[in-house]
Each structure stands twice: as C-alpha cells, then as structure tokens.
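Each chain, letter by letter, is given below.
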2 protein chains.
Amino acid sequence: MVSRRRQAQRREKDVLKQLPFQELSINFDPVRLLDAEQIEKIHDASLSILETTGMRIDDAKTREIFKQAGAEIDQTENIVKFDRGLIMESISTVPSTFTLHGRDKGKQLTIGGNHIVFSAVGGPPFASDLDQGRRAGNHADMCNFLKLVQALNIIHMEGGCPIEPTDLPVQTRHLDIYLASCLYLDKPWQSQMIGAERVHDAIEMACIASQISREELAAKPQFLSVTNTNTPLVLDEPLAQGIIEMAKAGQAVCVTPFTLSGAMTPVTLASSLAMQNAESLVGLALTQLVNSGVPACYGSFTSNVDMKSGSPAFGTPEYAQAANISGQLARRYNVPWRSSNATASCAVDAQSAYESQMSIWGAVLGHANLLNHAAGWLEGGLVASFEKLIVDAEMLQMIASYLQPFDVSNDALGLDTVDEVGPGGHFFGTEHTLERFETAFYSPLVSDWQNYENWRDLGSVDTAGRANHLWKKLLADYQRPAMDQAVEEELNAYVTKRKEQINNL
Amino acid sequence: MVSRRRQAQRREKDVLKQLPFQELSINFDPVRLLDAEQIEKIHDASLSILETTGMRIDDAKTREIFKQAGAEIDQTENIVKFDRGLIMESISTVPSTFTLHGRDKGKQLTIGGNHIVFSAVGGPPFASDLDQGRRAGNHADMCNFLKLVQALNIIHMEGGCPIEPTDLPVQTRHLDIYLASCLYLDKPWQSQMIGAERVHDAIEMACIASQISREELAAKPQFLSVTNTNTPLVLDEPLAQGIIEMAKAGQAVCVTPFTLSGAMTPVTLASSLAMQNAESLVGLALTQLVNSGVPACYGSFTSNVDMKSGSPAFGTPEYAQAANISGQLARRYNVPWRSSNATASCAVDAQSAYESQMSIWGAVLGHANLLNHAAGWLEGGLVASFEKLIVDAEMLQMIASYLQPFDVSNDALGLDTVDEVGPGGHFFGTEHTLERFETAFYSPLVSDWQNYENWRDLGSVDTAGRANHLWKKLLADYQRPAMDQAVEEELNAYVTKRKEQINNL
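Residues numbered from 1 in each chain as written. Chains lettered and ligands numbered in written order. Predicted model: local features only at pLDDT ≥ 70, side-chain atom pairs only at ≥ 80, totals over all residues. Heavy atoms only, no water.

> Could you give an account of the overall build of chain A, naming the residues involved and the relevant values?
Summing up its helical and strand segments, chain A has 19 helices and 20 strands in all. In terms of overall size, chain A behaves like a compact globule, its C-alpha atoms giving a radius of gyration of 24 Å where 505 residues would be expected to give roughly 23 Å. Per-residue burial over chain A gives 64% buried out of 505 residues. Nonlocal contacts in chain A, meaning residues at least 24 apart in sequence, comprise 76% of its contacts between residues at least 6 apart. When the accessible surface of chain A is split by element, carbon and sulfur atoms take 48% of a total near 17100 Å². Each charge class in chain A can be summarised by its mean position, and for the 41 positive and 61 negative side chains these summaries are 4 Å apart. (Helix = DSSP H or I, 4+ residues; strand = E, 2+ residues; numbered from the N terminus. Rg over C-alpha atoms; globule rule 2.2 N^0.38 Å. Buried < 20%, exposed > 50% of the residue type's maximum accessible area, 1.4 Å probe, protein only. Contact = heavy atoms within 4.5 Å. Areas by Shrake-Rupley, 256 points an atom, 1.4 Å probe, with all protein chains shown as cover. Lys, Arg positive; Asp, Glu negative; His and termini not counted. Charge placed at Lys NZ, Arg CZ, Asp CG, Glu CD.)

> So, the sheet that holds strand β16 (residues 312-313) of chain B: which residues are in play, and what are the values?
All names here are of chain B. Judged by pairing direction, the sheet is mixed, and its three strands sit side by side in the order β13-β15-β16 without closing on themselves. Both edges of this open sheet fall to β13 (259-261) and β16, since each of them pairs with a single strand only. Sheet analysis places strand β15 (residues 302-305) next to β16, joined by two bridges and oriented antiparallel. Among the inter-strand pairings, asparagine 304 is bridged to a residue of β16, identified as alanine 313. Together, β13 and β15 form the strand contacts of helix α10 (residues 269-290), whose direction differs from that of β13 by roughly 170°. (Pairing = 2+ DSSP bridges. Axes fitted to C-alpha atoms, helices over the stretch in contact; angles between N-to-C directions.)

> Residue-level account of the pairing of strand β8 (residues 126-129) of chain B, with values.
All names here are of chain B. Pairing between β8 and strand β9 (residues 133-136): four bridges, direction antiparallel. Residue pairing in the sheet places phenylalanine 126 in a bridge with alanine 136 of β9. Where β8 hands over to β9, the hairpin turn is made up of three residues, counted between the paired strands. One ladder, built from three bridges, connects β8 with strand β20 (residues 383-385); its direction is parallel.

> An account of the interface of chain A and chain B is needed here, citing residue identities and associated values.
The parts lose accessible area when they come together, and the size of an interface is often stated as this lost area. Across the boundary between the two partners, chain A contributes 114 residues, which contact 114 residues of chain B. For the pairing of chain A and chain B, the buried interface totals around 9500 Å² over both sides, and the portion due to carbon and sulfur atoms is 70%. Applying the counting criterion to the chain A and chain B interface returns two salt bridges. In this structure, Glu453(A) engages Arg134(B) in a salt bridge whose closest nitrogen and oxygen atoms are separated by 4.0 Å. On the surface where chain A and chain B come into contact, there are 38 residue pairs in polar contact (both at pLDDT 80 or more). Among the residues making up the side of chain A that touches chain B, the classes are represented as 58 nonpolar, 36 polar and 20 charged. (Buried area = accessible area lost by both parts, 1.4 Å probe. Salt bridge = Lys/Arg side-chain N within 4 Å of Asp/Glu carboxyl O. Polar contact = N/O pair within 3.5 Å; in protein donor to acceptor, adjacent residues only side chain to side chain. Nonpolar A, V, L, I, M, F, W, Y, C, P; charged D, E, K, R; others polar.)

> Provide a residue-level description of the packing of aromatic side chains, including the pertinent values.
Scanning the model with the defined rule gives 30 aromatic pairs over all chains in all. A ring pair is formed by Trp189(B) and Phe223(B), whose centres lie 5.0 Å apart and whose planes are at 90°; its orientation type is edge-to-face. A residue pair is termed long-range when its members are at least 10 positions apart, and Trp189(B) in the loop between α6 (173-184) and α7 (196-210) and Phe223(B) in the loop between α8 (214-219) and β10 (224-227) qualify at 34 residues. Trp189(B) sits in the buried class, given a relative accessible area of 7%. Overall, Phe223(B) belongs to the buried group, its relative accessible area being 1%. An aromatic cluster of at least three residues, connected via ring pairs, comprises Phe28(A), Trp361(A), Tyr402(A), Phe28(B), Trp361(B) and Tyr402(B). Cation over ring: Lys107(B) sits above Phe21(B), and NZ or CZ is 5.5 Å from the ring centre. Its end group placed over the ring of Phe126(B), Arg134(B) keeps NZ or CZ at 4.1 Å from the ring centre. (Phe/Tyr/Trp six-rings, centres within 6.5 Å; stacked < 30°, edge-to-face > 60°. Lys NZ or Arg CZ within 6 Å of the ring centre and 35° of its normal.)

> I'd like to hear about the relation of the copies chain A and chain B, residue by residue, with values.
Rotating chain A by 180° about the axis while translating it 0.0 Å along that axis superimposes it on chain B, leaving an RMSD of 0.0 Å. Both copies of the chain, as the preceding transformation shows, are related through a two-fold rotation axis. When C-alpha distances to the rotation axis are compared across chain A, the minimum falls at Ala350(A), with a value of 2.1 Å. The overlap is high: 100% of the interface residues of chain A also sit at the interface in chain B, so the same surface is used on both sides. (Least-squares fit on C-alpha atoms with pLDDT ≥ 70 in both.)

> Residues and numbers for the state of the cysteines, please.
Residues and elements named next belong to chain A. What the rule picks out here adds up to zero disulfides over all chains. Left unpaired, cysteine 207 is separated from the closest cysteine sulfur, that of cysteine 182, by 10 Å. In this model cysteine 297 remains outside any disulfide bridge; the closest cysteine sulfur is found in cysteine 254, 4.0 Å from its own. For cysteine 297, a relative accessible area of 0% translates into the label buried. (Disulfide = S-S within 2.5 Å.)

> Can you explain the packing of helix α13 (residues 386-402) of chain A against helix α12 (residues 350-365) of chain B? Please cite residues and give values.
Between α13(A) and α12(B), the shortest axis-to-axis distance is 11 Å and the interhelical angle comes to 25°. The orientation of α13(A) relative to α12(B) falls into the category roughly parallel. Taken as a pair, α13(A) and α12(B) cross one another with a handedness that is right-handed. Between α13(A) and α12(B), the contacting residues are Val391(A), Glu394(A), Met395(A), Met398(A), Ile399(A) and Tyr402(A) on the first element and Ala350(B), Tyr354(B), Met358(B) and Leu365(B) on the second. Looking at side-chain class alone, the contact of α13(A) with α12(B) contains nine nonpolar, no polar and one charged residues. (Parallel < 35°, antiparallel > 145°, perpendicular 65-115°, else oblique. Left-handed = near helix turned anticlockwise from the far one by under 90°.)

> Talk me through the environment of Gly414(B); I want residue IDs and the actual numbers.
Looking at where Gly414(B) falls in the secondary structure, it is placed in the loop between α14 (410-413) and α15 (415-421). C-alpha separation for the pair Gly414(B) and Arg84(B), spaced 330 residues apart in sequence, amounts to 59 Å.

> Provide a residue-level description of the nonpolar core, including the pertinent values.
With 306 residues, the main nonpolar core has Phe82(A), Tyr402(A), Phe82(B) and Tyr402(B) as its most contacted residues. Discounting residues that sit within four places of it in the chain, Tyr402(A) has contacts with Phe28(A), Trp361(A), Val31(B), Leu33(B), Pro317(B), Ala320(B), Gln321(B), Asn324(B), Met358(B) and Leu365(B). If you look at the next biggest cluster of nonpolar residues, it comprises twelve residues, including Phe98(A), Leu109(A), Leu224(A) and Cys297(A). (Core = buried A, V, L, I, M, F, W, Y, C linked by side-chain atoms within 4.5 Å.)

> How would you summarise a negative patch on the surface if you had to cite specific residues and measurements?
On the surface, a cluster of negative charge is contributed by Asp416(A), Asp419(A), Glu420(A) and Glu431(A). At three residues, helix α15 (residues 415-421) of chain A tops the list of elements feeding residues into the negative patch. (Patch = residues over 30% accessible without salt bridge, like charges linked within 9 Å, V, L, I, M, F, W, Y side chains within 5 Å.)

> Give me the packing of helix α10 (residues 269-290) of chain A against helix α11 (residues 317-333) of chain A: which residues, what numbers.
All names here are of chain A. At their nearest, the axes of α10 and α11 sit 11 Å apart, and the two run at 40° to each other. Of the possible angle classes, the one that applies to α10 and α11 is oblique. For the crossing formed where α10 meets α11, the hand is right-handed. Here α10 contributes Leu269, Leu273, Gln276, Asn277 and Leu281 to the contact with α11, which in turn contributes Glu318, Gln321, Ala322, Ile325, Ser326, Leu329 and Tyr333. Here the contact of α10 with α11 is built from residues that sort into seven nonpolar, four polar and one charged.

> Explain the confidence of the model for chain A to me, and be specific about the residues and the numbers.
Residue and element names in this part refer to chain A. Here chain A averages 95 in pLDDT, and 97% of its residues register 70 or above. Contacts for the low-pLDDT stretch residues 1-14, under 50 throughout, to residues beyond four places or in other chains number 17 contacts. As a predicted assembly, this complex carries a pTM of 0.96 together with an ipTM value of 0.96. (pLDDT = per-residue confidence, 0-100.)

> Now, about α10(A): what can you tell me, with residues and values included?
Here α10(A) spans 32 Å end to end across 22 residues, near enough to the 32 Å set by a 1.5 Å rise per residue. Most of α10(A) sits inside the fold, with 20 of its 22 residues counted as buried. (Expected span 1.5 Å × (residues − 1).)

> Give a detailed account of the environment of Ala127(B), specifying residues and quantitative values.
All names here are of chain B. Summarising the element assignment, alanine 127 is placed in strand β8. Of the residues examined, alanine 127 reaches a relative accessible area of 0% and is grouped as buried. Contact partners of alanine 127, with chain neighbours within four places excluded, come to Gly133, Arg134, Arg135, Gly137, Asp141, Ile163, Val383, Ala384 and Phe386.

> Provide a residue-level description of the sheet that holds strand β19 (residues 377-378) of chain B, including the pertinent values.
The strands making up a sheet associate through backbone hydrogen bonding, with each pair oriented either parallel or antiparallel. With mixed pairing, the four strands of this open sheet are ordered in space as β9-β8-β20-β19 (chain B). Every interior strand has two partners, whereas the edge strands, β9 and β19 of chain B, have only one.

What follows is the structure in structure tokens.
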C-alpha cells in the first residue's frame, strides 16, 4: 500500500512537468528522397498543368488580379491559364523566413529556415473523450480544448478552431470561436479562411486583444492561417476572397491543396504532388499579387485512399514519402513549408500512434516549418480527441528532445569517472551522476516506465487511460492568461455588434 | 447486416495479404547528428578508456589471444589494456558487407552497406497475449511464436529464441530451441551465445538441417548471432568463449554492449556511447584475432534509465539520438551496424507504438544493417507479445514501403489524364486509375481505415484486438517448410544424443 500511494503521489506531482515553450530547430540535413532532376520533373509537370489545363477560379476579383498580371482568362468557363514565368516571378517575393507574433510578446515564432512550429488540430466537427465518447462539436468542448492548447507548452500555436461549435448559429459562430481564442490563448491562433468577412473579424479582434492598430498587426503578423483549394484545379469565391483579405492585412496564408491520390488526383503520388504544387503555387502567387512580400507558406496534404473502400488513409508510407518530397519542392522555391500529423484510426490506440509517428517523421525529416494538426487529430480529422491531444503532446515533446544539441564535451565524456568506477562497477552514486541526474534525460508526460507488477497493481491503465487522467488535471489547473477588463469588454462589444449586424442582414 | 458480413468477409480474405520476403535498402543519406570532429571525440574517448582503464576479461584463453596480439595483461586482476593501434588494426579486417544464408537458399540476406534486415525479438522470459495474459515462457508458446516469425515475410530472420522455454531443463534447453528453429523456420536463426558448447550445438544442427559440412557453413554463414558484454568493461568467460567458437566456425557475431546511461555507464549519452564503442570494438577485435576476415557486426544498445525510479527506458529521444550516432560510429569503422526496436510499455497500446517508432526511425535514419528485436518485443524485453508481433510487422511493412523507389516517370505523372478530367472532376474512373489502383498503395495488415460507424458496428475493436485475431489466423494457416524425413530424424537423433551426454556429465 505504501508503494501504491507513493506511485499515485508521484503521478499527481508530475502532472504538470512539461518542457518550456521554446523555439525548435532541426540541425541535420533534410531527407532527400528525390534528386534535383526528379524534383524538376514534378515542378515542370505542375507548371505544364497550369499552362495547359489551367485552374477554374470562381471569383471575378481574383480573375481580374491574374488578368492584370498577364494570365489568359476564359471568362465563360472561369478558366485561368498561367504562363510559368508569371507564376515563378510572382512567388519570388514570398519571404523565406518571417516572424509570427502572439498576444504574449514572449511567444514569437520564426517561420521558415530550419525552424519547426507545432499547431493544434483545426476543423473537426466532432469531439471525443473516454468519459463521454464521441459527440457533435459544441462550444463547451471547444473552450476546454482551447484551454488545453494554451496549457501545453509544446504546442506553439492554435490550429483554426479545434472543435466546431455546432450548437451555435453558423453565420455568427466564427465570432464565438475568435472570442474564445482571444480569451483563452496568448499564443498565435488561426483565423477562419472562408470569405473576406470572417478574415476581417479575426483581424479586428486580434487588434483589440493586443491593443494594436491594423498597421502594427501588418508589421508584426499574428496570423498564419490555412486555406484549402478545391482540388482538382478549382478555387472558389470564398476561399479566394479569404486569401485576398489576409494578404491585404499583411497576414500569412498557408495554401494547402487536399490532394488525395486516386480521388481528387490521379492514383500516382507523383501526379498528386504535381497537382498539389500547381495549386499551392497559384495560391502563393495570389498573395504576392495582392501584397508583394507578404509572408506566406507552401501547404502540402497529399495522402492516398484505400483503393478497396475509397476511404482516405493518413500516416501511410505514401504520406511520409509525399511529405519528404513536399519539403524538397518548397525548398526549390525558398518558401516556408507546412505538413501535418494525421491518422485514420478511430481509437487512441497503437494505430493512432504509429500513423501519427509516420506523419511526424515525414514532416521532421522533410524539414517542415509548420506541423499543422500536430496535436489532437483523430479519425481522419473528423474528431478532436482530448486523449489524443495528450499522446500527441508527448510525441511532440519527444521530437523536441531528439532535436536538442548533443554534448560531447570532455565534461560529458567523464573519462575520470569511468576510470574511478572501473570494470564491473556501477555509476548510480558517482558525483558525475549526482550532479546531472535530475535533468539528464527527457521526462515523459504520459509514458509509463514502471515495471509490470507496479503497473498492474495501479490498475493496468493503458496510455489512453493515463491521458484521460492528465487532460482533466491540466484543465482543472488551467489559468487564463491576463487581459485587462476593458479589453475583454471591448472584445465582447465587438462580438455583440457584429452579431447584430449579421443577424439583421 | 449485409455490410457487416461483407466487412467480416473482407477481413478474413485479407488476413494473409503481406509484402513478399525481400531485401531492403535505404536510398537516402543517413542522418548525421554529429559532425566528423564530434564523432572523433567519442572514438578517442573509447580508445582512451581501453588504454587507461582497460577491460576485465575473465577468460584465460581470451587474455592469451590479446596478449599474443600485444595487449598489456594484469593477470592478478584479469585486466587487459589495449593499445589503440592494436584495436584499429585488428578490426580493419571485418568485412564491410557479407551474405547471410538461410536453410531456404532463396532467403539470403546482404548484411552491410545500405541494406537493412529485420530480426524477431530474442530473449524474453515471459510470453503474453490478450487471451491468456502474461505467463512464464514455455515450449509451446515458443514454438507458436517461431511459426509466426516464419509466416511473417517482413521478418528476415529469427532473433535468438523469442520466448525462453522455462518449462524445460536449463542445461539442455538450447537443444530444444535449436530443434524448433530448424523445423519451423527456413530463414536464418540466431544461436545462443553463452559458452562454446551451445554455439557448437547450433552449428552442428544447422549443418544437419541444411545437409552441409562445417566448411560449407563457414563459406556461406547462416548465423549472425548477438552477444552482450558485461558492461561496464567486463567480458566474462562464457561470453568470450561463445565469441571465439562462433568466429572459429566462420559465423558472424554481433557484439552488443547494453550501455544503460546512468547505471552501467555515466549519466551522459556521450559517455555511454564511448563505453559502448570501447566494448564493441574489443569484441570485434577478438573475432578477427581468432579468424581474420570473419564477418562481424557492431552492436549498439545505448538507452537511459528513468532517474526517478532507476527503471530502464526504451524508445526515448535519447535512445533515437544514440542510435543515429552509433550508426555514425560503425561507419567510421566501415563495419555493419545493429540497432533495435524497443519499448518499456506493459501493453500493446499507443506508448508501445510510439516508443517502437522512435526506435525504428532511430535505426532507419542511422542506416542500421540489422534491426534486432524488430518484432514482438514488449515491456523492456521481458515479454514476447503475440499482438505486438503483428503491430510491429505492420510498422516494418510500412517502413519497407516507405523505402521503395519513387516513380516520377511521365507515365506516372499522367498529365493527359489531368487535362482530360480537368478542373472540378474526379479520377476514380479514369483508365490511368483503373490500370493502377490494385497495387498503387501499401495495403495494411492490422490498420483499420473504416469510417467510425462501420468500426463501431464491428465492435470498436482496437489495434491490439485486431492483432489478436490476425496472429491466430496466421498460426492456423501456418505450413512447416519442407524437410526430408531423414534430415528430421538426424536432427532428433543429435538432440537425443546430446541430451544424454549432458545429463550424464
């Protein structure tokens, strides 16, 4: 009983032991699955697609922007055909590196170069935990999830609403999402990208929350938001207008085609990557034609379907290959690159972990600058799981530790200690050990390293069960980041006013 | 009901769909966490340890071999001190690449270069599955596990007895293990390495099973067996004699110090790697002094302890770093390198998968030539798990698929198909898709890509549960590889004779 109590006490005490909020960089060469000539073939194919087939752009303003830049427009079919020179010249002004800011001035992030940033899951319509199971997304779950995103230091930024609050009206829902993001987070969060109006509201509210002007926000961007295209080769009006509004405000857009091999693209990965590249480059070009030099990010999300059922698959071998090669493509253009942590698993089990690991390593080895959906994604992105959030945070902390520099100083090598202990001895009690043992190694969040007997006596709780304990503890301990009462009132007033405007339309 | 039956039928039919037995190679550069100068510091430290502190070698024959080679011997303490020139000259004859043979002539494996080979778990004293739980290792479980190792194509070789048959007498147990290995496998298996006698029996029985002479076995080695050292800096008599006997017989030894940072070595990874390097090089030198040019392998197993409890940890960030750097060290000496797939988890859950993934990626990125314990290891190596075997096989198949060449031919790019379908279309029904869809993507063993509703309606079975179904199906379908009746009788007669000899001693 003593031992059991001690174990339980230890677990309580350790609950909040995390790595600090920190910038991370990858100090080894990226994995190059293709040589330069092979990358050039995909690049050429994508530009051929844009020249020959073109893209349907269902927004008149965007067609006009491209027309002014020299693109050939078929106004009856809304088809825009792009000369390769136009694309390459337009994207040449995308900054290779920029700084993203949070409401907390200490939480600024370098996007680009060899830096990698982790953002939480965005977009799921369902929530899930072990206590209440799977349910439609709602405002209370969304708020709790945002609090956990804030509480977990390893998550650098929010991911664009973790759980859709389907209990709120569609037309004004984005205002409630933004309000919660402003109140519960002081790290960067992502705006909705569907339509200019939602982007506009995000920008206004971020300015209020940080008490800065739109000019100041443009000078120190707080948004790196993700938009999709309508693969294959379509950009609809709301998405196009969202991109334009963001670029005008000096904020960063990550253009991410969802190129599912065998469905929205031909069944080969090479073709899917050519399609992804074509659409992403068009999106990047649009940002620069609107606001030359505005930060932007190359987004990739190429995966494959299960050819037996048509179901999408994630974290597959093909997914990891596509990630590595997407990184090579983005570096070909000298622009920041985004990848994802994804799984098709319906449970927080072994599959969810190994598919996520395949995704994460695909990103890290490819030198992703933004790992989107880095924590909380389950079931092909349909579900935000509270337990998966913790398991992902553990995996991300492990990657962060793996990326730390390796000490080979004489002090670390400690040859005197080796000689002092000598053959057949042990090192537990040496001064060299005692000086270092508390910080020598990564200390896990949810991994259990107890022996079998202790683990069994504490109830044989698996990883998901331990994660369930942890997120509830983290949520109970959550502290809202400081905000002046007047600022909070201003935010609330903005939301009230905008809801009235929208509801009276 | 129709849908449910169809799902069940599909699962039955797909049970045996595996990748073929195949050699694998890694066609991208290894990850280099350290630069050449840092690697040289670890190298220098390890040779300083061997010169200054030396190693205790508790076998007179081995001390004599090293004395003849010029080492300095303190006979009262059994301490051997090695000049660095002696070590470097001795190991210079280790072949950088060699061919390992199985009883099945089609199952030969290249060890070294950019090739990677997967061997099953070896050594656990316990077995575990979801039906019967955790129990002491026994002969029946061992035989079943060996059958599954044979049945899973992705496993290239056996790992040195997957489950210790503790229901058999200790002195003759190795004969029963070898007999089962000869009968149930036609891929390479590993001999026990404790003492000359056990090695001798393995070699005799392999010669009988393949109906070849000892000279033929030496010319076409079938053994790549793993030995530990007694870290720190001790080599006991049985281990030393096992190495000598293997080298004399022309078989490959993989010398693997178990360097647990903070316990058997100082608490820094740099020091653990220096210790590992020192001991592994001594073992490699011994093989070459016995039989110059005999194949051998640099073994690494550096991990860390939980500094709160003293429990060993596996698949940690430090473990992955140590693996990468071990690969750099082995390449410094131009010798094949072995790593492992390890986890401390007590259940086949998310932790077991993400710790294994950290281990596997550490090995693959470091260009391991042998991934030992690649499938079936659980609970720090105390348990061979039937379900983990299947989950690991899935993860290894995924890695094997990730390592396949990537096709960027014009045919794969399929620009005509893209143009034919055009903006807003879909690619399911195109000729380009129909020609390729059956083999386009990796098809999983145990991963479930169904949507939530189907998964729930089939019982919400998690990965471990599905693995339980699969190993039982595989075992039921197992076919023993062909062996002449006379050969089987000769093996049985050898075992009977040797048991009599040992029992009458």
